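A look at the structure
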Amino acid sequence: LNQLLFPKKNEPPMVFHWFPIIGNAVTYGMEPYKFFDYCREKYGDVFTFVMLGKKMVVYLGPSGNDFIFNAKHADACAEEAYKHLTTPVFGEGVIFDCPNERLMEQKKFAKAALTREAFQRYVPIITKEFNDYMLSSPTMLGGDKSKQTGVTPLMQAMPELTIFTASHCLQGEEVRSQFDTSFAQLYTDLDHGFTPLNFVFPHLPLPSYRKRDEAQRKISRLYQDIIEKRRKNNDIQDRDLIDALMKNGTYRDGVKMTDKEIANLNIGILMGGQHTSSSTLSWMFLHLGAQPELQDKLYEELCNAVGGDPNEIPLTYEHLANMPLHAYTVRETLRTHSPLHTIMRKVMRPMFTPDKKYVIPAGHYLLAAPGVPMRDSRYFADPEKFDPYRWDVTKYSSDGSGDEKIDYGYGLVSKGANSPYLPFGAGRHRCIGEQFAYVQISTVIANMVRCFKWTLPEGQFAVPEPDYSSMIALPPPPATIQWVRRM
Ligand code: HEM
């Protein structure tokens, strides 16, 4: 208690709290950005708060991002912060349940399913899934295909659409078809293993925990059966992530990934993209619902890119390259509603902040909040405003080169870890799914504007405030939009 109330002099300032163990868990958990803003005003960019007995050192701003994302693995470790949450869900031997060098190689193996050639195959798959979903899903049309107007709960529709499109692209038809069966429920059970409760208590004798573990075993088994079948039939091609890992999954030291590890990595990667992408889609549709004139601009861009009626000319990956407003809209959604508000590492050896002002003791946790600079007026003018055009570098750059590394009035946006814009993180744990997410989300939005026009529900004039009570910043359900068919 003494240490909590009177921190050592060279440690970052401690945020005041009334209750010793609980600390600031409630304020942080409910409104993380308000909490960060408040603390920054009072203590500066670096401060420590107590969350359920853990000491969390927050380092805000681009320098904080750089410090945390680029920390040496021996100093600040992701697996020690996350593995108790992720291992029961993803399974053994992958992501954080293995040495970090293994994860680095797993990410490299997986990239073979995230190439340009792969994206060329994925765009028509995503469109097909979109068409099937919009026409047949009870969530969208209530089972009535002739329906001309309707109301859709995004918080139900977007997770469904995301898992259908991502599983079909990344894991092939065999896995995709399972989502039309009771298998879908297994993924739901597994997903329930990703809550703040699981983060605090990884193992409890509760039915949801038992279901999580059973779902993990069954899903992993199903993938292993597919892997065995493909191997037996000599049917290993370049279709998806399963093929990519079967082909490339040999570590530098000659050790091969086991079938179980290939299965579990497939689970981990599918789930890594699930809530991040589906929440981005939901937020994007809400913002576009609040600004329907942007939908018309997107539709216009789509027609120009395909060179005619998009109902007649199918969208391709090449078309997407000529649809910058679609990309800006995704980018702006990720700026205003970055799915991950908190990224953590466990400190393994005492670390000095770059200015040597503070030392962060081993055993503390580092907390990066890349969303903070993304909504800071020092980097993004009028940060509250949803304005995809702010990303139009040709509009703002002096030379119109479109080089992303130039300062165009909204701050220096680059891929380095000290950029104010890092929705996909940086450094060794950086996301491998960024391009896939852009392809998936842009393709869905293009199809959506091709078929529909929509608004927020009657009487709702603004995009709702996020709900932070899960691990992802989500729109409060049901998050509906009201649509009519585009004629
Ligand atoms: C890592 C965000 C989609 C797979 C990350 C990280 C962030 C992030 C911030 C870094 C986490 C950290 O440093 O601890 C997002 C967002 C997405 C998205 C905003 C969508 C809008 C995807 C997709 C996939 C994916 C579609 C898979 C195809 C991964 C993987 C990692 C990762 C494998 C690496 C984990 C590690 O090295 O520790 N993502 N992601 N993500 N993401 Fe994504």
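Cut-off values and rules
Residues numbered from 1 in each chain as written. Predicted model: local features only at pLDDT ≥ 70, side-chain atom pairs only at ≥ 80, totals over all residues. Heavy atoms only, no water. UniProt positions renumbered as here; feature names shortened; annotations may be inferred. Salt bridge = Lys/Arg side-chain N within 4 Å of Asp/Glu carboxyl O. Buried < 20%, exposed > 50% of the residue type's maximum accessible area, 1.4 Å probe, protein only. Pairing = 2+ DSSP bridges. Helix = DSSP H or I, 4+ residues; strand = E, 2+ residues; numbered from the N terminus. Contact = heavy atoms within 4.5 Å. Axes fitted to C-alpha atoms, helices over the stretch in contact; angles between N-to-C directions. Polar contact = N/O pair within 3.5 Å; in protein donor to acceptor, adjacent residues only side chain to side chain. Donors = N, O, S within 2.8 Å, 3.2 Å for Na, K, Ca; no water. Phe/Tyr/Trp six-rings, centres within 6.5 Å; stacked < 30°, edge-to-face > 60°. Near = heavy atom within 4 Å. Expected span 1.5 Å × (residues − 1). 1 Å grid on protein atoms, 1.4 Å probe; cavity = no way out; pocket = protein on both sides within 12 Å on 5 of 7 lines; lining within 4 Å. Points joined across faces, edges and corners; volume = space filled by probe spheres on them. Parallel < 35°, antiparallel > 145°, perpendicular 65-115°, else oblique. Left-handed = near helix turned anticlockwise from the far one by under 90°. Nonpolar A, V, L, I, M, F, W, Y, C, P; charged D, E, K, R; others polar.

- Labelled according to an unreviewed UniProt entry, the protein appears under the name sterol 14alpha-demethylase, originating from Tortispora caseinolytica NRRL Y-17796.
- UniProt, in its Subcellular location (unreviewed entry) section for the protein, records the words "Membrane".
- Check the Pathway (unreviewed entry) section of the UniProt entry for the protein; it says "Steroid biosynthesis; zymosterol biosynthesis; zymosterol from lanosterol: step 1/6."

1. As for the pattern of salt bridges
- All told, the structure shown has 27 salt bridges when counted by the stated rule.
- The residue Arg212 makes a salt bridge to Asp213 at a minimum N-O spacing of 2.9 Å.
- Under the relative-accessibility criterion, Arg212 is labelled buried at 1%.
- Accessibility expressed as a relative area gives 28% for Asp213, which makes it partly exposed.
- For the salt bridge of Arg378 with Asp376, the shortest nitrogen-to-oxygen distance reads 2.8 Å.

2. So, the sheet that holds strand S2 (residues 54–59)
- Taken in spatial order, the five strands line up as S1-S2-S8-S5-S3 in an open sheet, and their pairing is mixed. One side of each edge strand has no neighbouring strand; the edge strands of this open sheet are strand S1 (46–51) and strand S3 (76–77).
- Pairing of S2 with strand S8 (residues 365–368) involves three bridges; the strand directions are parallel. Its bridge partner lying in S8, Val58 is registered against Leu367.
- Running at roughly 130° to S1, helix H3 (residues 32–43) makes contact with S1, S2 and S8 of the sheet.

3. Let's talk about the side chain of Thr443
- As for its placement among the helices and strands, Thr443 is situated in helix H20 (residues 434–451).
- For Thr443, a relative accessible area of 0% puts it in the buried group.
- Reaching out from Thr443, the side chain makes a polar contact with the backbone oxygen of Val439 at a distance of 2.6 Å.
- If sequence neighbours within four positions are ignored, Thr443 has contacts with Val123, Ile126, Thr127, Leu315 and Leu320.

4. Digging into the coordination of the iron atom of the ligand
- No other protein atom reaches the iron atom of the ligand as a donor apart from Cys431 (SG), found 2.3 Å away.
- Note on placement: Cys431 falls in the loop between helix H19 (393–396) and H20.

5. What to know about the packing of aromatic side chains
- Enumeration according to the criterion identifies 26 aromatic pairs in this entry.
- Ring geometry for Tyr28 and Phe35: centres 6.2 Å apart, planes at 65°, overall edge-to-face.
- Where Phe183 meets Tyr187, the ring centres are 5.6 Å apart and the plane angle is 75°; that geometry is what we call edge-to-face. With Phe183 and Tyr187 both in helix H10 (residues 183–191) and four residues apart, the pair spans about one turn of that helix.
- Taking the relative accessible area as the measure of exposure, Phe183 reaches 4% and is therefore buried.
- Three or more aromatic residues link up through ring pairs in this structure, and these residues are Tyr28, Tyr33, Phe35, Phe36, Phe49 and Tyr468.

6. Examining the site of the ligand
- Near the ligand you find 26 residues, and of these Lys107, Arg345, Pro423, His429 and Cys431 are the closest.
- Within the side chain of Arg345, an N or O atom sits 2.7 Å from an oxygen atom of the ligand.
- Of all elements in the fold, only helix H6 (100–110), helix H14 (259–290), strand S5 (343–347) and H20 reach the threshold of two or more residues within the shell around the ligand.
- Here the element with the most residues in the shell around the ligand is H14; it accounts for six residues.

7. A word on H20
- Helix length check: H20, at 18 residues, gives a terminal C-alpha distance of 26 Å against a target of 26 Å (1.5 Å per residue), a fit within 8%.
- In terms of burial, H20 is largely enclosed, as 17 of its 18 residues are buried.

8. Looking at empty space enclosed by the protein
- Applying the stated criterion to the full structure yields one cavity of 30 Å³ or more.
- Its boundaries defined by the atoms lining it, the largest cavity holds a volume of some 40 Å³.
- In this structure, the largest cavity is lined by Ile68, Phe69, Ala71, Ala76, Arg345, Arg428 and His429.

9. Regarding the packing of helix H12 (residues 207–232) against H14
- Close contact between H12 and H14 brings their axes to 8 Å; oriented N to C, the two are set at 120°. In terms of orientation, H12 lies oblique with respect to H14. Classified by chirality, the crossing of H14 by H12 is right-handed. In contact with Gln216, Ile219, Ser220, Tyr223, Gln224, Ile227, Glu228 and Arg231 of H12, H14 contributes Asp259, Lys260, Ile262, Ala263, Asn264, Asn266, Ile267 and Leu270.
- The residue inventory of the contact of H12 with H14, partitioned by class, reads seven nonpolar, five polar and four charged.

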